[in-house]
Amino acid sequence: MKFNTFCIVAGNQVCTARCKWCVSSMTPAQGVGFGKAGTVDKDTFAMACRMAMQSRLDTVRITGKGEPTLFPEQITDYLTQLRPYMMDLNGFTFVELQTHGRHLAEEDRVSLDQMKHWRRLGMTHICISLVSTDPARNAEHYFPHKGNYYDMAALITKLHGIGFNVRLTCIMQKGDVDCAAKLDEFLKWAKTVKADQVTVLPVNKPSDSRNGEAYQAAVDSLLTTEQLQGIIDYCNSNGKLVRTLPWGGKVFDIRGQNLCLNYCLTHSPDKDDSRQLIFFPPGTISYDWEFAAAVLYQLPAEISSAAAPPAESLIQIGSVPAPATVTTPDATATDAAAPVGSAK
C-alpha cells in the first residue's frame with residue numbers, strides 16, 4: 001500500500017474551539033479519548049514512520065482529534081522521535097502542525113520557547129484553520145464562548161520570526177468563502193498578512209457520523225455544486241497551474257500567491273493506495289479518518305490499557321462543561337475546553 005500523506009494525531013479529543021460541523025467529532029475516535037493523553041507506544045510509532053518512509057513521503061503533519069497545541073510536550077516528544085527519520089537522506093523534509101492558532105498567538109498553553117524548540121527539532125510549517133478574513137466571523141465560528149479572535153498578522157509575524165512558514169487553511173462554507181469573489185478577497189488578504197501558502201477546501205461530511213448535530217451543521221454549510229464550480233473556474237482562469245497532487249488537489253499561482261484547491265477524500269477502495277497514513281495514540285495505524293475498520297495495526301488493548309489515564313480524569317462524551325480545570329500532561333489550566341475535535 002502506498003501513501004501520500006503521513007498524519008500524526010497529538011493529544012486527545014478535547015478542543016478549545018467550538019466548530020459546529022466539527023469533522024473530528026463525526027469520525028471514529030480510533031482509541032483517542034478524553035482527559036490525559038495516553039503514552040505513545042514508540043514501537044508502533046516507529047512502524048508507522050517506516051511505512052511512511054517506504055512510500056517516500058517528504059511531509060509529516062501533526063494534527064489532532066482535538067486541538068493539538070493543548071499538548072505541547074507530546075508534540076515535542078513526537079518531533080524528538082521523528083528526528084532520526086528527518087536526518088535520513090530519503091527521510092522527512094517538512095513537518096507541519098495543524099491548529100486553530102489561538103494558543104500560539106496568546107502563548108497561554110504553548111510558550112515562545114517551546115515554539116522555538118519545535119523549530120530547532122525540525123518543524124517547518126504552521127497550518128492555521130479559519131473560515132473568513134473577518135475576525136468577527138472567525139470568532140463566531142471557532143470561539144463563540146470567547147467572543148473575540150486573535151491578530152492573525154501579528155501571529156504570522158511572530159511565527160516568521162521563529163523561522164516557520166505559515167499556511168492558512170480556509171474551510172469554505174456557505175455564507176463565508178463560498179464564491180469566486182470571496183475567494184479573490186481572501187487571497188488578497190492572505191498576501192496582506194504575509195501568509196506563505198493558502199489552502200482552500202469545502203466543508204465536508206463523512207458518509208456516516210457518530211455526531212448527528214455536527215453532521216447536520218455540515219450539511220447546512222455545504223457549498224452548492226454551482227458555487228464550487230465557480231471557484232474551480234476562477235482558479236483555472238486567474239491562476240497558473242503549477243502542481244497536481246496525487247489525490248487530485250491542484251496548486252495554483254494566483255498573482256504570486258500560492259493557492260492549493262483541495263478536497264477531503266482519503267481513500268480509493270478500488271486501488272491499493274491511500275491519501276493518508278494516520279497514527280493515533282497510543283498505537284493505532286490507519287489509512288482513513290472515516291472508517292473504523294480502516295486499520296493496519298492496533299496496539300492490543302491489554303497493552304494500551306496499561307497506559308490509560310485514571311477514570312476520574314475522563315471527561316464524559318457529549319458533555320460541554322462550564323469553565324473547569326482541564327488536566328493535560330503538560331499543565332493544568334482553566335478554560336472552557338469542550339470534548340470535541342477541531343476540523344481536520
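Fair warning: this is a prediction, and the values are worked out from it, not measured in the lab.

Conventions adopted
- Residues numbered from 1 in each chain as written.
- Predicted model: local features only at pLDDT ≥ 70, side-chain atom pairs only at ≥ 80, totals over all residues.
- Heavy atoms only, no water.
- Helix = DSSP H or I, 4+ residues; strand = E, 2+ residues; numbered from the N terminus.
- Buried < 20%, exposed > 50% of the residue type's maximum accessible area, 1.4 Å probe, protein only.
- Areas by Shrake-Rupley, 256 points an atom, 1.4 Å probe, with all protein chains shown as cover.
- Phe/Tyr/Trp six-rings, centres within 6.5 Å; stacked < 30°, edge-to-face > 60°.
- Lys NZ or Arg CZ within 6 Å of the ring centre and 35° of its normal.
- Core = buried A, V, L, I, M, F, W, Y, C linked by side-chain atoms within 4.5 Å.
- Contact = heavy atoms within 4.5 Å.
- Pairing = 2+ DSSP bridges.
- Salt bridge = Lys/Arg side-chain N within 4 Å of Asp/Glu carboxyl O.
- Axes fitted to C-alpha atoms, helices over the stretch in contact; angles between N-to-C directions.
- Parallel < 35°, antiparallel > 145°, perpendicular 65-115°, else oblique.
- Left-handed = near helix turned anticlockwise from the far one by under 90°.
- Arc of directions from axis to C-beta.
- Polar contact = N/O pair within 3.5 Å; in protein donor to acceptor, adjacent residues only side chain to side chain.

Enquirer: Go over the overall build of the protein chain with me, naming the residues and quoting the values.
Expert: The secondary structure content of the protein chain amounts to 11 helices and 14 strands. When each of the 344 residues of the protein chain is scored for burial, the buried share is 53%. If you sum the accessible surface of the protein chain, you get close to 14,700 Å²; carbon and sulfur atoms cover 52% of it.

Enquirer: Describe the packing of aromatic side chains, with residues and values.
Expert: Scanning the entire structure with this criterion turns up 10 aromatic pairs. Ring centres of phenylalanine 6 and phenylalanine 92 lie 5.9 Å apart, and the angle between their planes is 40°; this geometry places the pair in the tilted category. Here phenylalanine 92 lies in the loop between α3 (72–87) and β3 (94–99) and phenylalanine 6 lies in strand β1 (residues 2–9), a separation of 86 residues in the sequence. The same class applies to phenylalanine 6 as to phenylalanine 92, namely buried. Look at phenylalanine 45 and tyrosine 78: their rings are 5.2 Å apart centre to centre, the planes differ by 40°, and that puts the pair in the tilted class. Placement of the pair is phenylalanine 45 in helix α2 (residues 42–54) and tyrosine 78 in helix α3, with a sequence separation of 33 residues. Grouping aromatic residues by their ring pairs yields a cluster made of Tyr142, Phe143, Tyr149 and Tyr150. Positioned above the aromatic ring of phenylalanine 143, the side-chain terminus of arginine 102 is 4.7 Å from the ring centre.

Enquirer: Give me the lowdown on the nonpolar core, citing residues and values where you can.
Expert: Within the largest apolar cluster, 85 residues are counted, with the highest numbers of intra-cluster contacts made by Phe6, Ile62 and Leu168. With seven residues, α2 is the largest single contributor of residues to this core. Other than its neighbours up to four places away in sequence, phenylalanine 6 contacts Ala48, Cys49, Ala52, Leu57, Thr59, Val60, Arg61, Phe92, Leu277 and Phe279. Grouped together as the second largest cluster of nonpolar side chains are six residues, Cys7, Ile278, Phe280 and Trp289 included.

Enquirer: For unusual backbone geometry, give the residues involved together with the corresponding values.
Expert: Residue proline 282 follows proline 281 across a cis peptide bond; omega there is 5°. Following the sequence through the fold, proline 282 ends up in the loop between β10 (273–280) and β11 (284–286). Residues other than glycine seldom take positive phi values, yet glutamate 107 does so here, at roughly 55°. Here glutamate 107 is to be found in the loop between α4 (102–106) and α5 (112–121). Taking relative accessible area as the criterion, glutamate 107 reaches 34% and is therefore assigned partly exposed. Of note in the backbone geometry, lysine 194 takes a positive phi value of approximately 70° without being a glycine. Secondary-structure assignment places lysine 194 in the loop between α8 (180–192) and β6 (197–202).

Enquirer: Talk me through the pairing of β1; I want residue IDs and the actual numbers.
Expert: As a general feature of sheets, a regular strand has side chains that alternate between the two faces. Summarising burial for β1: six of the eight residues are buried, a large majority. Where β1 and strand β2 (residues 59–63) come together, four bridges link them in parallel fashion. Pairing of phenylalanine 6 across the sheet is with valine 60, part of β2.

Enquirer: Talk me through the pattern of salt bridges; I want residue IDs and the actual numbers.
Expert: Scanning the entire structure with this criterion turns up nine salt bridges. One salt bridge connects lysine 188 with aspartate 184, and the closest N-O pair in it is separated by 3.1 Å. You can see lysine 188 and its partner aspartate 184 sitting in helix α8, four residues apart, about one turn around the helix. Judged by its relative accessible area of 48%, lysine 188 falls in the partly exposed class. Residue classification places aspartate 184 among the buried residues on the basis of a relative accessible area of 15%.

Enquirer: A description of the packing of α2 against α3 should follow, citing residues and the corresponding values.
Expert: With their axes 11 Å apart at the nearest point, α2 and α3 run at an angle of 45° to one another. In terms of orientation, α2 lies oblique with respect to α3. Our pair here, α2 against α3, has a crossing hand that is right-handed. Residues Lys42, Phe45, Ala46, Cys49, Arg50 and Met53 of α2 form the contact with α3, whose participating residues are Tyr78, Gln81, Leu82 and Tyr85.

Enquirer: Describe α5, naming the residues involved and giving the relevant values.
Expert: Think of an α-helix as turning once every 3.6 residues; residues three or four places apart then point the same way. Turning to α5, its buried residues are Gln114, Met115, Trp118 and Leu121. The buried side chains of α5 occupy one side of the element, clustering within an arc of 120° when seen end-on. Away from the buried face of α5 by more than 90 degrees, exposed residues Asp113 and Arg120 are located. At its buried positions, α5 is contacted by α3, β3, α4 and α7 (152–162).

Enquirer: Break down the side chain of threonine 124 for me, with residues and values.
Expert: By the element assignment, threonine 124 lies in the loop between α5 and β4 (125–130). Note on threonine 124: relative accessible area 12%, which makes it buried. At a separation of 2.8 Å, a polar atom in the side chain of threonine 124 contacts the side chain of histidine 125.

Enquirer: Got a sec to walk through the environment of valine 203? Specific residues and values, please.
Expert: Topologically, valine 203 is positioned in the loop between β6 and α9 (212–221). Overall, the relative accessible area of 5% leaves valine 203 in the buried class. Put simply, valine 203 and lysine 174 are 29 residues apart on the chain and 8.8 Å apart in space, counted from C-alpha to C-alpha. Excluding anything up to four places from it in sequence, valine 203 contacts Trp21, Ile171, Met172, Gln173, Ala218, Ser221 and Leu222.

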